[in-house]
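# Residue-level structural notes
Listed below are the residues making up each chain.
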Amino acid sequence: MQNSLEIWKFRLQVFQTLLSVVGLIALLLAFAQWRASVRRDNLNTYVLLAQGWNNHLMTFVEKPDLRPYFKDGLDVSADDPLAQRVLAVAEVRLDLMDGLLTYISQQGWTPDETSGWQNTFRDAFASSPALCRVHAGSTSSYGLINPLARSQCSTR
């Protein structure tokens, strides 16, 4: 009888150990799935933001008359028939820039990883008085693009 009781205790301990191991494996798998999901969501967010920027660039293909205001340094005047359209595109451009920089900052990207975007946005300010004008009127609406704008727009 004593022997049989010890065998049952041993079997119970083995069963408990197996349950613990299975539980630990389940937790590790759940953690791995969670990490993969976070990475996938981060990648999807970045892809959406980059696509937003690329879609925005299509504006200059569809409406080439706007391109000189953003690429060639042409300034917009109040009596310019395209003034409202140029200013609206500038607002969209600023929002996309700030959104991209905010996202990559939150991801903890290194300066090497963000330099392409930084250079793109710096060049955008350097080649667009309209972009600088819209930014100057709304600096409190933006965060991370403000230093880039100040460095390029103040040289005008």
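The notes below deal with the structure included here. (Residues numbered from 1 in each chain as written. Predicted model: local features only at pLDDT ≥ 70, side-chain atom pairs only at ≥ 80, totals over all residues. Heavy atoms only, no water.)

### Considerations on the packing of helix α4 (residues 83–106) against helix α6 (residues 129–136)
Between α4 and α6, the shortest axis-to-axis distance is 9 Å and the interhelical angle comes to 70°. The pairing of α4 with α6 is recorded here as roughly perpendicular in orientation. Where α4 approaches α6, its residues V86, L87, A90, E91, R93, L94 and M97 are matched on the opposing element by A130, L131, V134 and H135. Across the contact of α4 with α6, the residue classes tally to eight nonpolar, one polar and two charged. (Axes fitted to C-alpha atoms, helices over the stretch in contact; angles between N-to-C directions. Helix = DSSP H or I, 4+ residues; strand = E, 2+ residues; numbered from the N terminus. Parallel < 35°, antiparallel > 145°, perpendicular 65-115°, else oblique. Contact = heavy atoms within 4.5 Å. Nonpolar A, V, L, I, M, F, W, Y, C, P; charged D, E, K, R; others polar.)

### Digging into the state of the cysteines
Under the definition given, this model contains one disulfide. Residue pairing for C132: its cysteine sulfur links by disulfide to C153, the two sulfurs lying 1.9 Å apart. Residues C132 and C153 share a disulfide whose torsion about the S-S bond is about -80°; that sign makes it left-handed. Of this pair, C132 sits in helix α6 while C153 is found in helix α7 (residues 146–153), placing the two residues 21 residues apart along the sequence. Summarising the burial analysis for this pair, C132 and C153 share the class buried. (Disulfide = S-S within 2.5 Å. Buried < 20%, exposed > 50% of the residue type's maximum accessible area, 1.4 Å probe, protein only.)

Geometric values such as these leave the question of function open.
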